[in-house]
Amino acid sequence: MKFKNKVVVVTGASRGIGQAICVAFAKEGATVVGVARSDLAETGAAVDAAGGKFIANNADLGTGTQKESADVIAQILAKAGQIDVLVNNAGIIRRAPAKDFSEADWNAVIATNLNSPFFLMQAVGKWWIENGRTKAPENSRLKLVNIASLLSFQGGITVPAYAASKHAIAGVTKALSNEWAKERINVNAIAPGYIATENTKALREDAGRNKAILDRIPEGRWGAAEDIAGGCVFLASGDSDYLNGAVLNIDGGWLGR
Ligand code: NDP
């Protein structure tokens, strides 16, 4: 019960990796605040069943403005009273050849995958430094975890905006960690490999891409959302207090190959 009396905010909590992360924190006794546009009842039921408490906070993180993110954090603080962990997991992918890639798709991906996570961290970090830290138990820390990607290191195929956003979020992770380690804030990231979720449905349905991907993964299987959750709990726990600016690859061995 490492997260009893802790409030863990998970964006993109309605399905996939975010939902599995919510359940993993619930097993450790957390109060989990789930953020997404669509209904969060399924995640809420899974959190309850795992022994946690769930607070739904429907919000659209798709414009990526500073105000949108600040409003979301203010709503959550009003409901939950504190934030101990923020997991920036919400993300989208748009696929098209670079020569045809639309401005709308480019802006949507950058807003959701880069601008919004930065401004959410800015709002939580500001609250912690100016107010939250003094009320938190002595020596406790704020933990910020960004869900990056293999495409924080590689270019991918026909996903230029996604690759740009995921490279950038790895950079932001390091930049904030340099500035905030002294504030008792840990900022780290996870780079998931190929995980079987809605995000990768198109790849799994393309027999050629599916085989090429599987052939390259040393573990020989697509990852499950649950494979990411354990690393996320580690990065949010006291076991990683001296870890800053790291990008933890959980990829079945893909990047080492
Ligand atoms: P899914 O598509 O299954 O889930 C995405 C989640 O993000 C949903 O809960 C969705 O909720 C939420 N979301 C999307 N847009 C918005 C928005 N505008 N406002 C609020 N919430 C939003 O994706 P995954 O679970 O696969 O991906 C989760 C994260 O992991 C993403 O950042 C992704 O880039 C990353 N990742 C995934 C990999 C994979 O192989 N699956 C590999 C590497 C990284 P809703 O639609 O209800 O708003």
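All values reported here derive from a predicted model rather than from experimental measurement. (Residues numbered from 1 in each chain as written. Predicted model: local features only at pLDDT ≥ 70, side-chain atom pairs only at ≥ 80, totals over all residues. Heavy atoms only, no water.)

Participant: Teacher, can you tell me more about the overall build of the chain here?
Facilitator: Broken down by element type, the chain carries eight helices and seven strands. Against the compact-globule benchmark of 18 Å for 257 residues, the chain has a radius of gyration of 17 Å, which places it among compact chains. If one aligns the C-alpha atoms of the chain with their principal axes, the spans along those axes are about 55 × 35 × 35 Å. Looking at the chain as a whole, 52% of its 257 residues qualify as buried. Nonlocal contacts in the chain, meaning residues at least 24 apart in sequence, comprise 70% of its contacts between residues at least 6 apart. Of the roughly 11,500 Å² of accessible surface on the chain, 52% is carried by carbon and sulfur atoms. The chain carries 28 positive and 25 negative side-chain charges, and their two centres are separated by 2 Å. (Helix = DSSP H or I, 4+ residues; strand = E, 2+ residues; numbered from the N terminus. Rg over C-alpha atoms; globule rule 2.2 N^0.38 Å. Buried < 20%, exposed > 50% of the residue type's maximum accessible area, 1.4 Å probe, protein only. Contact = heavy atoms within 4.5 Å. Areas by Shrake-Rupley, 256 points an atom, 1.4 Å probe, with all protein chains shown as cover. Lys, Arg positive; Asp, Glu negative; His and termini not counted. Charge placed at Lys NZ, Arg CZ, Asp CG, Glu CD.)

Participant: Looking at this structure, how should I read the sheet that holds strand E5 (residues 142-147)?
Facilitator: Strand pairing in a sheet is mediated by backbone hydrogen bonds. Such pairs are either parallel or antiparallel. Taken together, seven strands build an open sheet; the order of strands is E3-E2-E1-E4-E5-E6-E7 and the sheet is parallel. Two strands close off the open sheet at either side, each with one partner strand: strand E3 (53-58) and strand E7 (247-250). Taking the axes of each pair of neighbouring strands and ignoring which way they run, one obtains an average angle of 20° across the sheet. Contacting strand E4 (85-88), E5, strand E6 (185-192) and E7, helix H8 (residues 225-236) crosses the sheet at an angle of about 165° to E6. (Pairing = 2+ DSSP bridges. Axes fitted to C-alpha atoms, helices over the stretch in contact; angles between N-to-C directions.)

Participant: How do you make sense of the nonpolar core when you look at a structure like this?
Facilitator: A general tendency of soluble globular proteins is for nonpolar side chains to be buried together. In terms of nonpolar packing, the biggest core is built from 35 residues, with Ile83, Met121 and Leu144 touching the most fellow members. Secondary-structure elements contributing two or more residues to this core are strand E1 (7-11), strand E2 (31-36), helix H3 (66-80), helix H4 (103-135), E5, helix H5 (160-180) and E6. In terms of residue count, H4 provides more of this core than any other element does, eight residues in total. Leaving out residues up to four positions away in the same chain, isoleucine 83 has contacts with Val7, Val9, Ile73, Ile76, Leu77, Val124, Trp127 and Leu142. Counting 33 residues, the second-largest nonpolar core is a separate cluster that includes Ile21, Cys22, Val145 and Ala225. (Core = buried A, V, L, I, M, F, W, Y, C linked by side-chain atoms within 4.5 Å.)

Participant: When you look at the packing of aromatic side chains in this model, what are you seeing that I'm missing?
Facilitator: For any two aromatic rings, the description comes down to two numbers: the centre-to-centre distance and the angle of the planes. A complete count under the given rule lists six aromatic pairs for this structure. Arranged with centres 5.0 Å apart and planes meeting at 90°, the rings of phenylalanine 3 and phenylalanine 25 form a pair that is edge-to-face. Of the two residues, phenylalanine 3 sits in the segment before E1 while phenylalanine 25 sits in helix H1 (residues 16-27), which places them 22 residues apart along the sequence. The pair phenylalanine 3 / phenylalanine 25 is uniform in exposure class, with both members buried. (Phe/Tyr/Trp six-rings, centres within 6.5 Å; stacked < 30°, edge-to-face > 60°.)

Participant: Quick question: what am I supposed to make of the site of the ligand here?
Facilitator: Contacts to the ligand come from 30 residues, most closely from Arg37, Ser38, Asn89, Tyr162 and Thr197. In the model, an oxygen atom of the ligand is placed 2.7 Å from a nitrogen or oxygen of the arginine 37 side chain. Lysine 166 places a side-chain nitrogen or oxygen 3.0 Å from an oxygen atom of the ligand. When the ligand sits alone it has 880 Å² of accessible area, and the protein chains cover 96% of it. Broken down by secondary-structure element, the contributors of at least two residues to the shell around the ligand are H1 and H5. Residue classes in the shell around the ligand are distributed as 13 nonpolar, 12 polar and five charged. (Near = heavy atom within 4 Å. Polar contact = N/O pair within 3.5 Å; in protein donor to acceptor, adjacent residues only side chain to side chain. Nonpolar A, V, L, I, M, F, W, Y, C, P; charged D, E, K, R; others polar.)

Participant: What is the right way to read the pairing of E5 from this model?
Facilitator: For a regular strand, the rule is simple: side chains alternate between the two faces of the sheet. Of all six residues making up E5, six are buried, and the element is well covered by its neighbours. Bridging between E4 and E5 involves four bridges; their strand directions are parallel. In the strand pairing of E5, asparagine 88 is matched with asparagine 146. Handedness of the crossover joining E4 and E5 through H4 is recorded here as right-handed. As defined by bridge partners, E5 adjoins E6 across six bridges and the pair is classed as parallel. Note that in E6 the partner of leucine 142 across the bridge is isoleucine 185. Taken together, E5, H5 and E6 form a β-α-β motif whose crossover is right-handed. (Right-handed = clockwise from strand over helix to strand, strands pointing away.)

Participant: I tried to follow the pattern of salt bridges on my own but got confused; where do I start?
Facilitator: Opposite charge on two side chains permits them to pair, given that their charged atoms come into close proximity. All chains considered together, the criterion is met by 10 salt bridges. Ionic pairing is found between glutamate 205 and lysine 201, a salt bridge with its closest N-O pair at 3.5 Å. In this pair, glutamate 205 and lysine 201 both sit in helix H6 (residues 201-205), four residues apart, roughly one turn of the helix. Given the relative accessible area of 39%, lysine 201 is considered partly exposed. (Salt bridge = Lys/Arg side-chain N within 4 Å of Asp/Glu carboxyl O.)

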